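Analysis of the macromolecular model
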Amino acid sequence: MILHSKSRETVLITGCHGFLGQHVVQTFLEDSKCDLILTGKENRSLFVGISDEPRVRAYHTMDITQRSSVKDVIGSTKPDVIVNCAAFVRVDDAEVNREMAWRTNVSALEHLTEASRKVDARLVHVSSDLVFDGARAPYTETDTPHPINYYGRTKLASENVLKTSGLEYAIFRTCLVYGAAERAKANYALSVAQSLESGQPVYAATDLLSSPTLVDDLALAIVRATERKRAGLYHAGGPEMITRFEFAHRIAETFGLPTSLIIPTTIAELKQSGKWRADRPTRNGLVSLKAQTDLGVRFSKVDDGLRVMERSMRELLGKEDLFVYE
Ligand SMILES: NC(=O)c1ccc[n+]([C@@H]2O[C@H](COP(=O)([O-])OP(=O)(O)OC[C@H]3O[C@@H](n4cnc5c(N)ncnc54)[C@H](OP(=O)(O)O)[C@@H]3O)[C@@H](O)[C@H]2O)c1
């Protein structure tokens with residue numbers, strides 16, 4: 001007997017206009033057969049031309065902190081999977097805007113799990129290397145988290161909401177995500193390039209190690225896990241642990257920008273000067289072997305990833321205005 005599997009799955013994406021959200025949408029369209037429902041805080045979809053794509057079934061305004069909004073949109077669209085790309089991501093701001101950080105990163109997960117349970121949807125969620133304190137990096141999925149700032153605490157709490165939800169879920173912990181993006185907030189690599197391009201100094205810590213992660217690789221891991229119905233915890237970070245200072249240099253070299261404006265500094269100095277509020281682990285990095293073998297994703301080395309970013313930016317924006325965003 002031939003069993004006919006259900007036709008294409010429908011994936012609802014939250015925070016679709018964010019940096020990762022945009023890449024996840026694009027990767028689902030390019031590398032999967034899934035239908036998509038896009039959601040974001042904005043009143044209308046900001047994707048240009050995407051409404052012509054038949055696999056994008058709809059755009060809905062959905063603020064994940066609003067329980068009724070989440071319940072209505074998920075209840076009416078009945079997706080098979082929800083991929084949560086929405087979050088409160090400002091690490092320093094989270095120290096002072098604690099209530100909003102908690103509502104967005106933790107309470108919203110409770111709304112999403114509650115709504116998912118009603119329609120029997122799986123959940124794919126994105127967490128952070130900042131659930132760790134940096135004492136034993138690089139970290140595997142079996143290491144014990146111990147966050148040292150408020151943002152990290154909210155991300156760990158968000159994981160715990162999923163773990164106790166009784167739902168089928170996958171969590172991707174990632175780290176210092178970089179890459180090209182149109183009309184998204186600047187990621188670290190982009191802001192370094194933009195500052196150097198416009199003659200502004202870049203203060204880069206020499207005592208902060210982490211593993212920069214190309215957004216394209218992370219998006220592919222998320223899409224593959226969704227398509228293959230994988231569950232559990234995955235680390236999804238680049239293979240090299242380098243300092244911010246070293247990363248800034250590699251960015252400058254890739255984009256042909258002056259390195260003389262990269263000023264070495266330390267975490268303590270950045271905190272003293274008021275540029276940073278939150279504590280940061282000095283050594284953070286993720287071992288992503290499980291994602292690599294299970295999902296077949298090769299996480300790019302920094303120089304390779306930066307070249308991909310540079311090519312994508314040229315395609316997106318044209319050579320003349322490489323760092324100009326509307
Ligand atoms: N980027 C990194 O280096 C990094 C590292 C580790 C983990 N992560 C994780 O990766 C995920 C994606 O981050 P990202 O870099 O793509 O950040 P991002 O560009 O700021 O994207 C987050 C999106 O969520 C939206 N959002 C915020 N509050 C919302 C709400 N209440 N309802 C609906 N949407 C809301 C934001 O809209 P507004 O911009 O209008 O607020 C934004 O579009 C997050 O879970 C983050 O914690 C990122």
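Below or above, wherever it landed, is the structure these notes cover. Just so it is clear, the model here is predicted, and its values are computed rather than measured.

Helix and strand content of the protein: eleven helices and 13 strands. The C-alpha radius of gyration of the protein comes to 19 Å, within 12% of the 20 Å expected for a compact globule of 326 residues. Over its C-alpha atoms, taken along the principal directions, the protein stretches across nearly 65 × 45 × 40 Å. Expressed as a percentage of the 326 residues in the protein, the buried residues total 46%. Sequence separation of at least 24 residues holds for 79% of the intrachain contacts in the protein that already meet a minimum separation of 6.

So, on to the sheet that holds strand S11 (residues 232–236). With parallel pairing, the seven strands of this open sheet are ordered in space as S3-S2-S1-S4-S5-S6-S11. Each end of this open sheet is capped by a strand with a single partner; those strands are strand S3 (56–61) and S11. Averaged over neighbouring strand pairs, the angle between their axes works out to 20° when direction is ignored. When strand S5 (residues 122–128) meets strand S6 (residues 169–174), the two strands line up parallel, connected through six bridges. By the bridge assignment, Leu123 is partnered in S6 with Tyr169. Contacts from helix H7 (residues 215–227) reach strand S1 (10–14), strand S4 (81–84), S5, S6 and S11 within the one sheet, and its direction differs from that of S6 by about 170°.

Bringing the site of the ligand into the picture now. Near the ligand you find 26 residues, and of these Gly15, Gly18, Leu20, Ala86 and Ala87 are the closest. Breaking the shell around the ligand down by element, the ones donating at least two residues are helix H1 (19–31) and S5. Among the elements that make up the shell around the ligand, the one with the highest residue count is H1 (three residues). A per-class count over the shell around the ligand returns twelve nonpolar, eleven polar and three charged.

So, about helix H5 (residues 150–163). Helix length check: H5 (14 residues) gives 20 Å between terminal C-alpha atoms against 20 Å at 1.5 Å per residue, within 8%. In terms of burial, H5 is largely enclosed, as eleven of its 14 residues are buried. Those residues of H5 that are buried lie in contact with helix H3 (93–96), helix H4 (98–119), S5 and S6.

Bringing the nonpolar core into the picture now. Grouped together as the largest cluster of nonpolar side chains are 94 residues, with contacts concentrated most on Ile13, Val24, Ala221 and Ile222. Among the elements that take part in this core, H7 stands out by supplying eight residues, more than any other. Setting aside chain neighbours within four positions, we find Ile13 in contact with Gly21, Val24, Val25, Leu36, Leu38, Thr39, Val83 and Cys85.

What counts as what
Residues numbered from 1 in each chain as written. Predicted model: local features only at pLDDT ≥ 70, side-chain atom pairs only at ≥ 80, totals over all residues. Helix = DSSP H or I, 4+ residues; strand = E, 2+ residues; numbered from the N terminus. Rg over C-alpha atoms; globule rule 2.2 N^0.38 Å. Buried ≥ 20, exposed ≤ 12 C-beta atoms within 10 Å, placed from the backbone. Contact = placed C-beta atoms within 7 Å. Pairing = 2+ DSSP bridges. Axes fitted to C-alpha atoms, helices over the stretch in contact; angles between N-to-C directions. Near = placed C-beta within 6 Å. Nonpolar A, V, L, I, M, F, W, Y, C, P; charged D, E, K, R; others polar. Expected span 1.5 Å × (residues − 1). Core = buried A, V, L, I, M, F, W, Y, C linked by C-beta atoms within 7 Å.

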